[in-house]
Amino acid sequence: MSEVEQTDVLIVGGGPVGLGLAADLGARGVRAILVEQGDGRIDHPRANTVNSRTMEFCRRWGIAEQVRESGAPPDFPPDIIYLTGLRGHELARIARPTHGGRAALPHTPERSQRCNQLWFDPILRGLVRSKDSVSLRYATRLEEFSQDADGVDAVVRDLASGDQRAIRARYLVAACGGASVVPRALGTRMEGMPVLSYHLNVFLRIERLWEHHRMGKAAFYIFVNEKGRDASLIELNGTDLWRLGLAFGTDRAARERVDVPAIISRLIGDDIPYEVISSLPWTCRSIVADRWSEGRVFLAGDAVHQHGPAGGFGMNTGMGDAVDLGWKLAAMVQGWGGEVLGESYQAERKPVAARNVAEATENMVEFVDTPDLRGIDDDSAAGAALRETVGAEIMRNKTKQFVSDGIALGYRYDASPVVLNDGSAPPPDTAMIYHQTSRPGSRAPHAFLADGRSTIDLFGRGFVLLCFGGASGAAIAAAAAARGVPFEVAAIDDDDIARLYERRLVLVRPDGHVAWRGDGAPADPLAIVDRLRGAA
Ligand SMILES: Cc1cc2nc3c(=O)[nH]c(=O)nc-3n(C[C@H](O)[C@H](O)[C@H](O)COP(=O)(O)OP(=O)(O)OC[C@H]3O[C@@H](n4cnc5c(N)ncnc54)[C@H](O)[C@@H]3O)c2cc1C
């Protein structure tokens, strides 16, 4: 084995979560090595929704424009149509007013985008490659690791040469997806339902499908038959790429027997040419890990939470893990953050994952209330009446699956040891609606400043103390300086933003979450700074 290579953070896994973490660490100048056993090629479309919070991270990293330009074209309707067939009957049409395009929303400058991992992962990869402090290694597998009080010893194998290499890192983050050596070695248990249902996704090329039917363009077509939900067809690039989703309930054998060409001709018609590019069998789970870290080893993304794609929360929840870890690891590596920062990772992120897994599972299971769908496609008055009833039920039950700004932006770190909860009542936590608040633990609110920037553009590097109405941040700034915490003061002279932020002093962490707020300088600013930097 070659000599031992030294780094600060070893990241295992080059999916979106590992790449997101590498980008965040790179932006903070932290030395990191990312090892990925694959070659970086993505041959099947998985996550499609980049939600508005992930878009805000992309904005901070300087890639939001690239993401907006890479997926579905801006004029392609983001709507969802439930129907009995492309040449059958429409049941419901769900609009997504907060998806796609550029116009800012009242609560965020970044709308959710449809940019599949086919394009999103390579954008992240390009970003990581631009970071001097990060080394990206494909065809490299982590095989073993062990840790002591000061670091982690890892053995990786270069899959091209077959050689083993030793790496010594101060921290290891396993963003290694569903099945890997790290969670197993830590003895992590996944809690919940290991099998909710079996699925098959088929990646298809169909040129200008909308010219062959009268339903119009839509991001999703969801087919309904007499047995319930039949299949889904998701548009990916605005021209010819689609993903067909087939579900088999708990009947795994049915997936082996399925006649895909017969299903395609039933759903889209047998006169429309298509090409199957690839197929991906996958299992829908509803699970969250019991332990997210052990000493200097952390788990993130699908390695600690997995659920169905209904709602598009999986990758986005993982990106939240990456951003939560990024500044904390940087703080510990740079010496201004204490060990409680590491402990706070699970306290902050596990409840968010549990919330999102529960919501996604409800989305997978819940459909319409009418138990008997016989006659749903009939050209009769009874068929039309049934479709009207079922359509109304779809609108009532399913809109929150597709319009979920509350899930994307409203998660909070209520139980965190590095947030100073002020005892105020939290706003409602609902899937659809996001309520901006400066309550500690929440994402700091967005509003446009006089110079055209968003308040969220102020955050990302160190801590930022927002001062309204002439309040002085000097005492907290002095405490932060005494502890070497990167810190800025931003005085904002705007009554609307002052009202939105609710207090005269609001201290925001590098990840854009509020850590503390008050109307005057705290009695013991050093104690507050120590608590927030994880050294109390
Ligand atoms: C059909 C489908 C649709 C989905 N749609 C959405 C959606 O719309 N929105 C959404 O947010 N999410 C969606 N998801 C979920 C999303 O794809 C995952 O949550 C996301 O890819 C997880 O990212 P990750 O980086 O944690 O893991 P992964 O993407 O699984 O990456 C882990 C990587 O680690 C590597 N690895 C593992 N072990 C080792 C090792 N020992 N050494 C080196 N490398 C290793 C693997 O090769 C892999 O590349 C969907 C998933 C599926 C299956």
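All values reported here derive from a predicted model rather than from experimental measurement. (Residues numbered from 1 in each chain as written. Predicted model: local features only at pLDDT ≥ 70, side-chain atom pairs only at ≥ 80, totals over all residues.)

S.K.: Can you break down the overall build of the protein chain residue by residue, with the values?
M.R.: Tallying secondary structure elements over the protein chain gives 14 helices and 22 strands in all. In terms of overall size, the protein chain behaves like a compact globule, its C-alpha atoms giving a radius of gyration of 24 Å where 536 residues would be expected to give roughly 24 Å. In terms of its C-alpha atoms, the protein chain occupies a principal-axis envelope of roughly 75 × 65 × 35 Å. Evaluated residue by residue, the protein chain yields a buried proportion of 49% over its 536 residues. Taking the contacts inside the protein chain whose residues are at least 6 apart along the sequence as the reference set, 73% of them involve residues at least 24 apart. (Helix = DSSP H or I, 4+ residues; strand = E, 2+ residues; numbered from the N terminus. Rg over C-alpha atoms; globule rule 2.2 N^0.38 Å. Buried ≥ 20, exposed ≤ 12 C-beta atoms within 10 Å, placed from the backbone. Contact = placed C-beta atoms within 7 Å.)

S.K.: How would you sum up the site of the ligand? Please name residues and give values.
M.R.: Neighbouring residues of the ligand: 33 residues in total, closest Gly13, Gly15, Gly177, Gly301 and Gly314. In terms of residue count, helix H8 (residues 314-334) provides more of the shell around the ligand than any other element does, 4 residues in total. Looking at side-chain class alone, the shell around the ligand contains 13 nonpolar, 16 polar and 4 charged residues. (Near = placed C-beta within 6 Å. Nonpolar A, V, L, I, M, F, W, Y, C, P; charged D, E, K, R; others polar.)

S.K.: Run through the nonpolar core, naming residues and quoting values.
M.R.: Side chains that are nonpolar tend, in soluble globular proteins, to be buried together. Ranked by size, the top nonpolar core spans 113 residues in total, and within it Ala22, Leu172, Val173 and Ala300 carry the most contacts. No other element matches the 10 residues that H8 contributes to this core. Structurally, this core is a two-domain feature, drawing no fewer than three residues from each of domain 1 (5-70 + 115-188 + 290-360) and domain 2 (412-532). The residues touching leucine 172, leaving out its near neighbours within four places in the chain, are Leu10, Val12, Phe145, Val152, Ala154, Arg296 and Val297. Core analysis: the next-biggest nonpolar cluster, separate from the first, contains 37 residues, Leu83, Leu209, Ala218 and Val390 among them. (Core = buried A, V, L, I, M, F, W, Y, C linked by C-beta atoms within 7 Å. Domains from an automatic or database assignment.)

S.K.: Explain the sheet that holds strand S21 (residues 505-508) residue by residue, including any values.
M.R.: With mixed pairing, 4 strands are arranged side by side in an open sheet as S20-S19-S21-S22. Looking at the sheet topology across the chains shown, the edges are occupied by strand S20 (487-492) and strand S22 (514-518). The average angle at which neighbouring strand axes cross in this sheet is 15°, direction not considered. Of the strand pairs in this sheet, S21 and S22 are connected by 4 bridges, and their pairing is antiparallel. Note on S22: the bridge partner recorded for leucine 505 is glycine 518. Against the sheet, helix H12 (residues 474-482) makes contact with strand S19 (463-468), S20 and S21, and its axis sits at roughly 165° relative to S20, the strand it touches most. (Pairing = 2+ DSSP bridges. Axes fitted to C-alpha atoms, helices over the stretch in contact; angles between N-to-C directions.)

S.K.: Residues and numbers for the pairing of strand S9 (residues 152-158), please.
M.R.: The pairing of strand S8 (residues 140-147) with S9 spans 7 bridges and is classified as antiparallel. Looking across to S9, one finds that arginine 141 is bridged to arginine 157. Examined bridge by bridge, S9 and strand S10 (residues 164-174) share 6 bridges and lie antiparallel to one another. Paired with valine 155 across the two strands is alanine 166, which belongs to S10.

S.K.: Outline the domain arrangement of the protein chain, supporting the account with residue identities and numerical values.
M.R.: The domain architecture assigned to the protein chain consists of domain 1 (5-70 + 115-188 + 290-360) and domain 2 (412-532). For domain 1 versus domain 2, the distance between C-alpha centres works out to 26 Å. Counting residues at the interface gives 14 residues for domain 1 and 14 residues for domain 2. At the level of secondary structure, the elements contributing two or more residues to the side of domain 1 that touches domain 2 comprise helix H2 (52-61), H8 and helix H9 (339-365). Here the side of domain 1 that touches domain 2 gets 8 residues from one element, more than from any other, and that element is H9. Among the residues forming the side of domain 1 that touches domain 2, the class breakdown is 7 nonpolar, 1 polar and 6 charged.

S.K.: Can you tell me about the sheet that holds strand S14 (residues 241-247), naming the residues and giving the values?
M.R.: With mixed pairing, 8 strands are arranged side by side in an open sheet as S5-S4-S12-S13-S14-S11-S15-S18. The open sheet has two free edges, formed respectively by strand S5 (90-94) and strand S18 (305-306), since each of these has just one partner strand. Packed on one face of the sheet, H9 meets strand S11 (190-205), strand S15 (275-289) and S18 and runs near 125° to S15.

S.K.: Outline the pairing of strand S2 (residues 32-35), listing residues and values.
M.R.: Going residue by residue along S2, you find Ala32 and Leu34 tucked away on one face and Ile33 and Val35 tucked away on the opposite face as well. In the sheet, strand S1 (residues 5-12) pairs with S2 via 4 bridges, with the strands oriented parallel. Residue pairing for S2: isoleucine 11 is matched across the bridge by leucine 34. Taking the sense of rotation as the criterion, the β-α-β connection linking S1, helix H1 (residues 16-27) and S2 turns out right-handed. Across 4 bridges, the pairing between S2 and strand S7 (residues 134-137) is parallel. Counterpart to valine 35 in the pairing with S7 is arginine 137. (Right-handed = clockwise from strand over helix to strand, strands pointing away.)

S.K.: Report on unusual backbone geometry, specifying residues and quantitative values.
M.R.: Notably, alanine 139 is not glycine yet its phi reads approximately 50°, a positive angle. Along the polypeptide, alanine 139 turns up in the loop between S7 and S8. For alanine 139, a count of 15 C-beta atoms within 10 Å gives the class partly exposed. Phi at arginine 208 is positive, roughly 40°, even though this residue is not glycine. Of note, arginine 208 is situated in the loop between S11 and strand S12 (220-225). Exposure remark for arginine 208: the 11 C-beta atoms within 10 Å place this residue in the exposed category.

S.K.: Outline the packing of H8 against H9, supporting the account with residue identities and numerical values.
M.R.: In the contact formed by H8 and H9, the axes pass within 10 Å of each other and the chain directions differ by 175°. Classified by the angle their axes make, H8 and H9 are roughly antiparallel. Residues Thr317, Gly320, Asp321, Asp324, Leu325, Lys328, Ala331 and Met332 of H8 pack against Leu341, Gly342, Tyr345, Glu348, Arg349, Val352, Ala353 and Asn356 of H9. (Parallel < 35°, antiparallel > 145°, perpendicular 65-115°, else oblique.)

S.K.: Let's hear about the environment of isoleucine 42: which residues, and what values?
M.R.: Inspection of the secondary structure assignment puts isoleucine 42 in the loop between S2 and strand S3 (49-50). Along the primary structure isoleucine 42 and aspartate 121 are separated by 79 residues, whereas in three dimensions their C-alpha atoms are 8.4 Å apart. Isoleucine 42 has contacts with Gln117, Leu118 and Asp121, leaving out every residue within four places of it along the chain.

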